Amino acid sequence: MKLEGHQKRLTILIGESDHHGHTPLATEIMQRAHAAGIAGVSVFRGVEGYGASNHIHTTRILSLSDDLPMAVIIVDSAPAIRAFLPALDELITEGLVILDDVEVVKYVGRRPNKQA
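The paragraphs below set out a description of the structure included in this document. (Residues numbered from 1 in each chain as written. Predicted model: local features only at pLDDT ≥ 70, side-chain atom pairs only at ≥ 80, totals over all residues. Heavy atoms only, no water.)

**Concerning the pattern of salt bridges**
In step 1: Under the definition given, this model contains six salt bridges.
In step 2: Among the salt bridges present, the one from arginine 45 reaches glutamate 16, with a minimum N-O distance of 2.7 Å. Here glutamate 16 lies in the loop between strand S1 (5-15) and strand S2 (19-20) and arginine 45 lies in strand S4 (residues 40-45), a separation of 29 residues in the sequence.
In step 3: Residue classification places glutamate 16 among the partly exposed positions, given a relative accessible area of 26%.
In step 4: The salt bridge partner of glutamate 90 is arginine 32, with a shortest N-O separation of 3.2 Å. Of this pair, glutamate 90 sits in helix H2 (residues 78-91) while arginine 32 sits in helix H1 (residues 25-35), and the two are 58 residues apart along the sequence.
In step 5: The exposure class of arginine 32 is partly exposed, given its relative accessible area of 22%.
In step 6: Taken together, the shared-partner salt bridges connect Glu28, Arg32 and Glu90 into one network. (Salt bridge = Lys/Arg side-chain N within 4 Å of Asp/Glu carboxyl O. Helix = DSSP H or I, 4+ residues; strand = E, 2+ residues; numbered from the N terminus. Buried < 20%, exposed > 50% of the residue type's maximum accessible area, 1.4 Å probe, protein only.)

Okay, structure coming up:
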């Protein structure tokens, strides 16, 4: 897939303890994006953060480290991202969803290993 120039980045900020059924929410979002043919998704686990609840989540206090912030970053064309947004309506019950313009400079996958 070729992806360069002006594209969209969808950032979903959720908590590590958020689930959809028995599946971690970040995993569910990634799996649905993959099934939808989205160009790329990365999931990052945060060190500290707080959101609308104003409750600080951090690794520095052991008792608060069970629900660290998670960021799911999705990059693809505007039409692909817009088509994926309705899937998030069902999944995101709390958190933050951000959509912004980005410029993709390079998007290259691994080459398949050649077997002798």
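**Some points on a nonpolar patch on the surface**
In step 1: A cluster of nonpolar residues, Leu13, Leu96 and Ile98, forms a patch on the protein surface that exposes about 210 Å² of accessible area.
In step 2: As for its placement among the helices and strands, isoleucine 98 is situated in strand S8 (residues 96-104).
In step 3: Under the relative-accessibility criterion, isoleucine 98 is labelled partly exposed at 33%. (Patch = residues over 30% accessible without salt bridge, like charges linked within 9 Å, V, L, I, M, F, W, Y side chains within 5 Å. Areas by Shrake-Rupley, 256 points an atom, 1.4 Å probe, with all protein chains shown as cover.)

**Section: the sheet that holds strand S7 (residues 69-76)**
In step 1: An order of S4-S7-S1-S8 is seen for the four strands of this open sheet, with the pairing classed as antiparallel. Unpaired on one side and paired on the other, S4 and S8 mark the two borders of the sheet. Strand-to-strand twist in this sheet, taken as the mean axis angle between neighbours without regard to direction, amounts to 20°.
In step 2: On the sheet, H2 packs against S1, S7 and S8 and is oriented at approximately 20° with respect to S1. (Pairing = 2+ DSSP bridges. Axes fitted to C-alpha atoms, helices over the stretch in contact; angles between N-to-C directions. Contact = heavy atoms within 4.5 Å.)

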